[in-house]
Structures are given as structure tokens and as C-alpha cells.
Amino acid sequence: AQGRERDLSEEGLRLEQETRFPEQEGTSFALHLDKPTKLGLCIHVPYWATQGVTVKVNGEPVDAKAKPPSYLRLDRTWNDGDRVEVAMPMALHAAPMPDDPELVAVMYGPVVLAGLNPDAEGYLLSDPANPTQWIEKLADAPLTFRTKGQKTPMRLIPWYQVIDEPYGVYWVVTKEGSPRHKEILAAEEARRRREARTVDRVLVGDGESERQHNLQGEKTGAGPHGSHHWRHAVEGGWWSWDMKVLPEGQMTLTCTLWGSDSGSRKFDILVNGTVIATQELKNNKPGRYFDADYPIPVELTNGKDKVTVRFQGQP
């Protein structure tokens, strides 16, 4: 339990609050008074308390109403030891991006939920404005949820409980058969065709994958970002991987980039020491990842089964 006291000794009052929020959907107050005192106790009713607020004083229900967001005021003569219990049931609700009503975070009351299943499709089919249609609360685990009616189930917990698991907070939620759903299906088909043509892949941030590809570099670092991992170089730094190629035919290097990157984010891409492209990131695709293709000149791969791909940061 968490407790907090407010000392108003000059008025002869000490106010004590106890709660297990957010596991407890409410709070309680104890009043410690030198003598019976008439005063108004104002309790904040936040915007998310849409399921109604109930109040008990010394175990007896009190007829007190307030619409969120506002304050619920209790005027009475209080005695030492009086106890006020406030119940504020929480509910699921969506928090969409201002420019995209189908890109939503999910909240339970004021608690932001994070999805933990890295194998989920990255989108959900349902009504984005009504998360109760596609998320349900688990009865046997506090503040734990799961998706329902989806191809791949996903577990959701409070964002503040995530430590080192891959997670996502914003999800594309669209109705089945919508224009966006059709775009997603077309993109998935394109990815399947690309997978069939893929010769080699480095999993960024995966130690074993990067070791297998002979990671080398200076002034380079890596870390998590949502459901992905990134690698970058700073102050003119660089890194490289050795990657398999076919000895004949045109090869293409594909990189997944974060579309909100900006600032000093300009780098050269080299294959066996030859620059094949220069990439500058300047908020290219805000809020999402995107793939960039870089054709490799045939003479750099002809007759070879492996090349060194280097990312060289510009100053």
C-alpha cells in the first residue's frame, strides 16, 4: 500500500491517503481531527473515470456525483477517524494519433498498455475507436490483457512494467476490408515475394547474428526501439558486416530505417570499399519504419559469394 499525509495542523486536521493504484481502482482517506470540524473535502475525478465514481463515508454510501474531469465535493461535519472510500473503475479506451485515427495506443484508465508479442502482425482488425471489441482483461492476472479475435494473440501489460522485452505501444487498427487493410495485405504479399529472393539477412541487435556476419566498427552502438533494434555510428564512426551474395546477377541491399530520424543522419553505404549510395535521414517517413533499396553494381558481386557492407557516417 502507498500512503500519503497532508498535515494541516493549524486547522487541527491531518489527512491521510492510502491506495494501491493502479492495481486498486480507487483510493481511501482517513481524517484525523482535534475536534469535530465542518469543511468540504474535494476529490479529483479525472477524465478517464467514465464508468462513474462511488463514495462511502464510514462504510455508508454517499450520494455524490461529478462528471469527469471535475471535483467531487463532500461537505459535512467531520469527526476524528472518519474514513472516505472512493471507487473509480477504469475502462479500456483508445488514444489515437492526432493525424491518424487508425494508429492508436490503448489505455486502461490512465495506464498505457504495451503489447509484448513480437510475432504479432503489427496491426489489428477491428474498430479502432472501441478497444473492448479486440482486447479483454484477464481475470487471473492484475492489469494483464490480451487481444481477441485476431490471427495472432498478443498479451498486453502496463508500459511501466516492461523491462527488456520487445514491445509496441501504438498499433494500426483498421476494419477488415478497409482501404488500409487492403494496403497492408498488398505490403505483406510484397514482403513474401522479397523473402523468396533474400540471400542473407543481419538481425540488428542480435549478438549471434551480428557475430556470424563479422560485425566490425568504431564509434557504433545499438539498442531497442519498440519492436525493432537499431544500430548507428556517431562522430564519423562506422560499422560493417560480411554478407552472402550470389556470384551472378543483380543484387540489391535493403535496409530498414526509422522514418522519424533527423538531424546529423547522413552516411555512405559501401560494398567492398566502393560507395554505392549516400543516405540522409530527415524525417522521411514520420512515425514508422520504411525499407530502402540500394542496387549493388554487378561488378562488385560478380564471381563472389560474400561481400563486406559498410555504413560510414559523415561528420
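This is a predicted model, so every value here is computed, not measured. (Residues numbered from 1 in each chain as written. Predicted model: local features only at pLDDT ≥ 70, side-chain atom pairs only at ≥ 80, totals over all residues. Heavy atoms only, no water.)

**Some words on unusual backbone geometry**
Formally: Strands here mean DSSP runs of E at least two residues long; helices mean DSSP runs of H or I at least four residues long; both are numbered from the N terminus. Buried residues are those whose accessible area, probed at 1.4 Å on protein chains only, stays under 20% of the maximum for their type, while exposed residues exceed 50% and partly exposed ones sit between those limits.
With an omega of 5°, the peptide bond between F21 and P22 qualifies as cis. Counting through the fold element by element, P22 comes out in the loop between β2 (13–19) and β3 (26–33). In this structure, the amide linkage connecting P68 to the following residue, P69, adopts the cis form with an omega of -10°. Positionally, P69 belongs in the loop between β6 (60–62) and β7 (70–78). Backbone geometry places N272, a non-glycine residue, at a positive phi of 50°. N272 gets classed as partly exposed once you look at its relative accessible area, which sits at 37%. Positive phi values are uncommon outside glycine, yet N283 reaches one of about 60°. Structurally, the position occupied by N283 is in the loop between β21 (274–280) and β22 (289–296).

**A closer look at the sheet that holds strand β17 (residues 216–225)**
The line we're drawing: DSSP bridges decide pairing: two strands pair if at least two such bridges lie between them. In this analysis, axes come from line fits to C-alpha atoms, helices being fitted only over the stretch in contact, and the angle between any two N-to-C directions falls in the range 0 to 180 degrees.
What the five strands build is an open sheet, ordered β17-β18-β23-β20-β21; its pairing is antiparallel. Because the sheet does not close on itself, it has two edges, and the strands there are β17 and β21. This sheet shows a mean twist of 35° between the axes of neighbouring strands, independent of strand direction. Of the pairings in the sheet, the one linking strand β20 (residues 266–271) to strand β23 (residues 306–313) comprises five bridges and is antiparallel in character.

**Quick word on the packing of aromatic side chains**
For any pair of aromatic rings, geometry is given as the distance between the ring centres together with the angle between the planes. Operational definition: Any two of the Phe, Tyr and Trp rings considered here, Trp counted by its six-membered ring, make a pair once their centres fall within 6.5 Å; the pair's planes then place it as stacked at under 30 degrees, edge-to-face at over 60, or tilted in between. Look at NZ for Lys and CZ for Arg. If either is within 6 Å of the ring centre and within 35 degrees of the ring normal, a charge sits over the ring.
For the structure on display, the rule yields eight aromatic pairs. Centre to centre, the rings of W239 and F311 are 4.8 Å apart; their planes meet at 20°, and the pair counts as stacked. With W239 in strand β18 (residues 228–244) and F311 in strand β23, this residue pair connects regions lying 72 residues apart in the sequence. An identical accessibility class is assigned to W239 and F311; each is buried. For the pair W258 and Y289, a centre-to-centre distance of 4.7 Å together with 55° between the ring planes defines the contact as tilted. Highlighted residues: W258 in strand β19 (residues 251–258) and Y289 in strand β22, separated in sequence by 31 residues. Since its relative accessible area comes to 24%, W258 is described here as partly exposed. Through pairs of rings, three or more aromatic residues link up here, namely W239, W241, F267 and F311. Positioned over the ring face of W78 is R76, at 5.2 Å from the centre of the ring. Note that R310 overlies the ring of W238, its terminal NZ or CZ placed 3.8 Å from the centroid.

**Side note on helix α1 (residues 179–197)**
Here is the rule: One fewer than the residue count of a helix, multiplied by 1.5 Å, yields its expected span. Directions pointing from the helix axis toward each C-beta atom define the arc.
Taking 1.5 Å per residue as the helical rise, α1 with its 19 residues ought to reach 27 Å, and the 28 Å between its terminal C-alpha atoms agrees with that figure. Considered for burial, the residues of α1 that qualify are H181, I184 and E188. One side of α1 carries all its buried residues, which in axial view fall inside an arc of 55°. Across from the buried face of α1, at angles greater than 90 degrees, the exposed residues are P179, K182, E183 and R197.

In short, shape yes, function no, at least from these values alone.
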